[in-house]
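So the chains spell out like this:
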Amino acid sequence: MDQVEIFKALSNKTRLEILGWLKEPAIHFPDQPNPNFEAVGVCVGQIQIKSGLSQSTISEYLSILQRADLISSTRVGQWTYYKRNQEGLEKLSKIINTEL
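Residues numbered from 1 in each chain as written. Predicted model: local features only at pLDDT ≥ 70, side-chain atom pairs only at ≥ 80, totals over all residues. Heavy atoms only, no water.

## Topic: the pattern of salt bridges
Next, step 1: According to the stated counting rule, one finds three salt bridges in the structure shown.
Next, step 2: In this structure, Arg67 engages Glu60 in a salt bridge whose closest nitrogen and oxygen atoms are separated by 4.0 Å.
Next, step 3: Residue class for Arg67 comes out partly exposed when judged on its relative accessible area of 49%.
Next, step 4: The shortest N-O distance in the salt bridge between Glu87 and Lys91 comes to 3.8 Å. You can see Glu87 and its partner Lys91 sitting in helix α6 (residues 86-99), four residues apart, about one turn around the helix.
Next, step 5: Judged by its relative accessible area of 45%, Lys91 falls in the partly exposed class. (Salt bridge = Lys/Arg side-chain N within 4 Å of Asp/Glu carboxyl O. Buried < 20%, exposed > 50% of the residue type's maximum accessible area, 1.4 Å probe, protein only. Helix = DSSP H or I, 4+ residues; strand = E, 2+ residues; numbered from the N terminus.)

## A closer look at the side chain of Asn85
Next, step 1: Topologically, Asn85 is positioned in the loop between β3 (79-84) and α6.
Next, step 2: Its relative accessible area of 16% is what places Asn85 among the buried residues.
Next, step 3: Ignoring any residue separated from it by four or fewer positions in sequence, one finds Asn85 in contact with Asp69, Leu70, Ile71 and Ser72. (Contact = heavy atoms within 4.5 Å.)

## Quick look at the pairing of strand β2 (residues 71-76)
Next, step 1: Examined bridge by bridge, β2 and β3 share six bridges and lie antiparallel to one another. Bridged to Ser73 within β3 is Tyr82.
Next, step 2: With antiparallel pairing between neighbouring strands as the criterion, β2 and β3 make up a hairpin whose turn holds two residues, including Gly77 at a positive phi of roughly 60 degrees. (Pairing = 2+ DSSP bridges.)

## Section: the sheet that holds β2
Next, step 1: What the three strands build is an open sheet, ordered β1-β3-β2; its pairing is antiparallel. Sheet topology places β1 (42-43) and β2 at the edges, where each strand pairs with a single neighbour.
Next, step 2: Here helix α5 (residues 55-67) sits on the sheet and contacts β2 and β3; the angle it forms with β2, its principal contact strand, is near 120 degrees. (Axes fitted to C-alpha atoms, helices over the stretch in contact; angles between N-to-C directions.)

## As for the environment of Ser56
Next, step 1: In this fold, Ser56 is placed in helix α5.
Next, step 2: Residue class for Ser56 comes out exposed when judged on its relative accessible area of 55%.
Next, step 3: For the pair Ser56 and Lys23, spaced 33 residues apart in sequence, the C-alpha to C-alpha distance is 23 Å.
Next, step 4: Only 3.2 Å separates the side chain of Ser56 from the side chain of Ser54, close enough to count as a polar contact. (Polar contact = N/O pair within 3.5 Å; in protein donor to acceptor, adjacent residues only side chain to side chain.)

Listed below in structure tokens is the structure:
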């Protein structure tokens, strides 16, 4: 992933909040039915409710974070779940520590 695209993904307050929420999903999404945060993550609907933004805006924000390799998605039936992509975040840390 291009460094510029990664930092563009991080240049929005709500997208940064989403990454923070996904770091500790049990704290930020206690009302999620059947929470299986480690395996599948957080339902997009729960993220949308917490953010207070429209479904289309949250979907776009999640897509941007996913293209930057900072989160990953899992489809379970009709629902899509998101969680942090630890490998992508480690790459970001390496970029910051070695190239900047």
